[in-house]
Amino acid sequence: MTAGVDPNLDGALPAWHARHQVLHTVQSHTVTFVVGATGSGKTTQIPRWLDEADGEHLGPVAVAQPRRLAAISVAQRVSQEVGCRLGTRIGYAVRFDDCSHPTQTRVRYATSGWLLREAVADPLFTRYQTLVIDEVHERLVQTDVLIAVARRAAQQRRRTSCKRPLRLVLMSATWDADRWRAHFETVLGAVGVVHVPGRLYPVDVLYTRWPQGDYLDAALNMALQVHEDAGDERGDILVFLTGQEEIETAVRLLPERARRRGLPPSVLYTVPLYASLPNARQAEALQRAPDALARKIIFSTNVAETSLTIPNVRYVVDTGVSKQRQYSPRTGADVLTVRRISRAQADQRAGRVGREPPGGVCIRLYPEAEFLKMDAYPQPEICRCDLAGALLDLYALGIEQPWRLEWLDASPPPASIERALVQLHQLGAVDDALARTPTVGVAMSRLPVAPADARMVLVAAAVAERQRKPAVLTGVLRVAALLAVDALSSGLFTVPPGVRREDAWTHWRGRFGPVGDGDLLCMARVLEAYEEQPAAQRQAWCREHYVQARVLEAAEQACVQLEAVLQRYPVDAGVCAALPATAAADAIADVGALARYCVCCGYFQHVACRLTPDGSYRRLLLSDDQHLRVHPSSVMRSVRPPPECVVYHSLVLTRRAYLRGITVCDAEWLKWWEASIPPLNGG
Ligand SMILES: Nc1ncnc2c1ncn2[C@@H]1O[C@H](COP(=O)(O)OP(=O)(O)OP(=O)(O)O)[C@@H](O)[C@H]1O
C-alpha cells in the first residue's frame, strides 16, 4: 500500500477485488471497457493502480471527466488517499485552472475539453501511456469528440511506435458496453471488458405513487419531510433540480417553508450547486455544514449527477428532469428545455448515496411505471448542439474534413455540420475548401472560448497592438471572460427583494453607463469597476450595486487565464495578416468604439437591423423574416430611439424571439463585412 492511503478504503472498495483483472486486461489490450456500480471505486482507484502497476508502463495517466467540479474534487480526494500535495503526483486541469505539473504529475484528472485543447499541441497524447475516459454514458459533445480523437491517436501510436502504445480505458456504471465493441475492434484489436462486481453500501429506491405536477414544489416538500422523518439521524439531502434560477428559488423558499412547519431555520443549511458557480463556490457545496448539528440540503443541477462523492449525503431527491440543450441549425438558437432524464441518469443520481456507511435512500418524485418508460440512455449531445467549437477543435488537431470522422454510434445531423462549417468559414477559421484551418483558426482554437469570442479577442489583440491601445484588448478580454462564465444567462444584474425594478435600472444606468454601446461592454465596465475594489469590500460593493459577486469572481479568474493564453501564444504577424479586420479598424480612434468594433467582428454573423421605430429587429444574414425584440434583461431595452443596427450574442426563444447580449454596430462596418465575408467553395 502506498504511504498515506486511507487505510479504511483501500481494499474495502468493490473495485479492489477486480484490481488484478483490470491491470492484466489493460496491459493486454489497447482498449478496455470497465463497467461497475456507482461508488465502487472506478474513478478514484483505477487510474492510480494503472500508474503504480509493475511491468509494462501504464502511466502517466490522464482521466477525462465530463465536468470540472468532478475533475477537481476527485483529484483532491485521490491526492489525500496517496498522501501527496495536490498538483504534484496527482493533479487536475480544467478550463481556467491548471493544478498539475508538466512532468511530476502522474495522474491528471482533466475535463474532456481541456484534453482536447492539449491535443492541439500533442495530437497523439504522447505525454500519457493511458487515457481513461470516465462517465462515457453521458455522451456530452466533448466526450464523444475526445473518444473519436483518442481512437485515432491509439491507432496511429500502434502504427508508429509499438513500444509506447496508447491504452484507452472507457468507464461508466450505466452503459451498454457491448454496443461499442465493434467500433473499436475494427481498428484496435479485441476490446477487454472488466465488470467490477458489487456496490459499497445499500441504497433503497422509493417512488411516488403519482406523477407530481409541480416538481419544484414537490421537491421542497419532500426535502422537508425527509428532514422531519429522519429526526436525530444524521445525513444530508441532495435534491436534483434543473437550473440556476430554480435552484436559487429553492434556496430562498426552503427556510420560509421550514418556518411555516415550525422548524427553526438554523437546523437546515441550504446550498446551491450549478455549473456557472465559480470553482470555490462549487467546492463549498461539498463541504460540511458550518454548524455540525444542522442538516445540509444541496440543490443541484446534473453537475452532481456523476463521479462526485458528497460526504455525508444520505438522501437523494430526484425530480426526474433536467434542462437539455436543443440547437436549431435553421435559426441558430440554442434552446434549453426541461425534459425527462434517462434511466441511466436516474441510476447515476441514486448512485450519489450508498458511498458511505450505512447506505442511503433515493426518492424518485415519479412512479416506477414512469421510470420504466424513460429512455435507457441520454441522447448524444452531438445530435442536438452547435458543433462549431467541436469542429474547430478537430481542425486544429489537423483532422481534414472532420465531419467525416467515425463517430461512436450516432453522427451529427448534416444541417448542424453545414451550419457550423459556414460559421467557421466566415470567421476565417477554415480555408475556402473547408479542408484545414489556417493560422488564425489554430490561434482561435487555443483560446478556451467559443469561436466567435476567440475571433473577437484576436482582432482586439491585433488592433490594440497596431494602434498601441492596450485598453481595447483589456475591455474585450473582459467581455470574453464574462461570456465564458455564462454571465448573460446567470444574470449579472439582479434586482434584490424590496428594490423596485425601475430603480435598479436607473441605478445601473447611472453607475455603469452610458449604456448606448450595448450589454456586453456595459457588463465589461461592471467587471472593471469590481476589479478596482479592494478584496475585502467586493461583496458589499456588489450588494450596493445589485450585481452578482459570484459571476464577477468567476469572470475575473477567466480573464486572468485568457491573458495567460495570449501571453503564451502572442498574436503574431501571421495571425494579423489573416485578420483583415485589423487594418479596417484604422479609421476608428476612440477606444470604446474600437472595443465595440472588435466585439462586432466576432459576432457579425449575428447582425440585426431595426425594422420598426419601436424596436423590432430582423436578422440580416438569415433569410427569415422573424421579428425579434430586445431581451427584457438588456440595458438597451429603454434606449430611444433603438439603434439602427446591432449584433447579438444569442437568441432566446420563448413565445417570442428575443435578442440577448446586444452590442451596437455602425452601419459602415456592415458594408465592409458584406465585401469581405468569403464565398463558400468547399461543397
Ligand atoms: N470526497 C470523498 N469523500 C469521502 N469518500 C469518498 C470521496 N470520494 C470518494 N470516496 C469514497 O470512494 C468510493 C469510490 O468513489 P469513486 O468515485 O472512485 O467511485 P466510482 O466507481 O467512480 O463511482 P461513480 O461512477 O459514481 O463515479 C466512494 O463510494 C466513497 O466511498
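Every value quoted in this text rests on a predicted model; they were computed, and no experiment measured them.

1. A look at the overall build of the chain
For the chain, the count of helices and strands is 25 helices and 21 strands. In terms of overall size, the chain behaves like a compact globule, its C-alpha atoms giving a radius of gyration of 26 Å where 683 residues would be expected to give roughly 26 Å. Based on the C-alpha atoms only, the size of the chain along its principal axes is roughly 70 × 70 × 50 Å. Within the chain, buried positions represent 58% of all 683 residues.

2. Considering the packing of aromatic side chains
In the structure shown here, the tally under the stated rule is twelve aromatic pairs. Relative to Tyr-366, the ring of Tyr-207 has its centre 6.4 Å away and its plane inclined at 70°; by these criteria the two rings are edge-to-face. In this pair, Tyr-207 is assigned in strand E9 (residues 203-207) and Tyr-366 in the loop between strand E16 (360-364) and helix H11 (368-373), connecting sequence segments 159 residues apart. What makes Tyr-207 partly exposed here is its relative accessible area of 25%. An angle of 55° between the planes, with centres 4.8 Å apart, marks the rings of Phe-493 and Trp-508 as tilted. Here Phe-493 is found in the loop between helix H17 (487-490) and helix H18 (501-512), whereas its partner Trp-508 is found in helix H18, with 15 residues between them in sequence. An identical accessibility class is assigned to Phe-493 and Trp-508; each is buried. Across the ring face of Tyr-366, the terminal group of Arg-340 is positioned such that the distance to the ring centre comes to 5.2 Å. For the cation-ring pair, Arg-446 lies above Tyr-569, with the distance from its terminal atom to the ring centre recorded as 4.2 Å.

3. Observations regarding the packing of helix H19 (residues 519-532) against helix H21 (residues 549-568)
Where H19 meets H21, the closest approach of the two axes is 10 Å, and the angle between their N-to-C directions is 85°. In terms of axis orientation, H19 runs roughly perpendicular to H21. Of the residues in H21, those in contact with Val-526, Leu-527, Tyr-530 and Glu-531 of H19 are Ala-549, Leu-552, Glu-553, Ala-555 and Glu-556. Partitioned by chemical class, the residues of the contact of H19 with H21 number six nonpolar, no polar and three charged.

4. What about the domain arrangement of the chain?
A common way to express how large an interface is: the accessible area buried when the components associate. According to the domain assignment, the chain contains domain 1 (7-196), domain 2 (203-381), domain 3 (387-427) and domain 4 (437-674). When each unit is reduced to the centre of its C-alpha atoms, the spacing between domain 2 and domain 3 is 35 Å. Across the contact, six residues belong to domain 2 and five residues belong to domain 3. Between domain 2 and domain 3, a total of about 380 Å² is buried, with carbon and sulfur atoms accounting for 57% of that surface. Its largest share of buried area at the contact with domain 3, domain 2 owes to Tyr-327, Pro-329 and Pro-380, together 84% of the area lost on that side. Scanning the region where domain 2 abuts domain 3 turns up zero salt bridges. Taken together, the links from domain 2 to domain 3 amount to one residue pair in polar contact (both at pLDDT 80 or more). Taken together, the residues that form the side of domain 2 that touches domain 3 break down as three nonpolar, two polar and one charged.

5. Comments concerning the site of the ligand
Close to the ligand lie 18 residues; Gly-39, Thr-43, Thr-44, Arg-352 and Arg-355 are nearest. Ser-40 places a polar main-chain atom, nitrogen or oxygen, 3.1 Å from an oxygen atom of the ligand. The separation between an oxygen atom of the ligand and a polar main-chain atom of Arg-355 is 2.5 Å. Bound to the protein, the ligand loses 91% of the 630 Å² it would expose on its own. Structurally, the ligand is housed in the second largest pocket. A total of three residues in the shell around the ligand trace back to one element, the largest contributor, which is helix H2 (residues 42-52). Taken together, the residues of the shell around the ligand break down into four nonpolar, eight polar and six charged. Counting only domains with at least three residues in the shell around the ligand, you end up with domain 1 (7-196) and domain 2 (203-381).

The rules behind these values
- Residues numbered from 1 in each chain as written.
- Predicted model: local features only at pLDDT ≥ 70, side-chain atom pairs only at ≥ 80, totals over all residues.
- Heavy atoms only, no water.
- Helix = DSSP H or I, 4+ residues; strand = E, 2+ residues; numbered from the N terminus.
- Rg over C-alpha atoms; globule rule 2.2 N^0.38 Å.
- Buried < 20%, exposed > 50% of the residue type's maximum accessible area, 1.4 Å probe, protein only.
- Phe/Tyr/Trp six-rings, centres within 6.5 Å; stacked < 30°, edge-to-face > 60°.
- Lys NZ or Arg CZ within 6 Å of the ring centre and 35° of its normal.
- Axes fitted to C-alpha atoms, helices over the stretch in contact; angles between N-to-C directions.
- Parallel < 35°, antiparallel > 145°, perpendicular 65-115°, else oblique.
- Contact = heavy atoms within 4.5 Å.
- Nonpolar A, V, L, I, M, F, W, Y, C, P; charged D, E, K, R; others polar.
- Domains from an automatic or database assignment.
- Buried area = accessible area lost by both parts, 1.4 Å probe.
- Salt bridge = Lys/Arg side-chain N within 4 Å of Asp/Glu carboxyl O.
- Polar contact = N/O pair within 3.5 Å; in protein donor to acceptor, adjacent residues only side chain to side chain.
- Near = heavy atom within 4 Å.
- Areas by Shrake-Rupley, 256 points an atom, 1.4 Å probe, with all protein chains shown as cover.
- 1 Å grid on protein atoms, 1.4 Å probe; cavity = no way out; pocket = protein on both sides within 12 Å on 5 of 7 lines; lining within 4 Å.
- Sits in = over half its atoms within 2 Å of the grid points.

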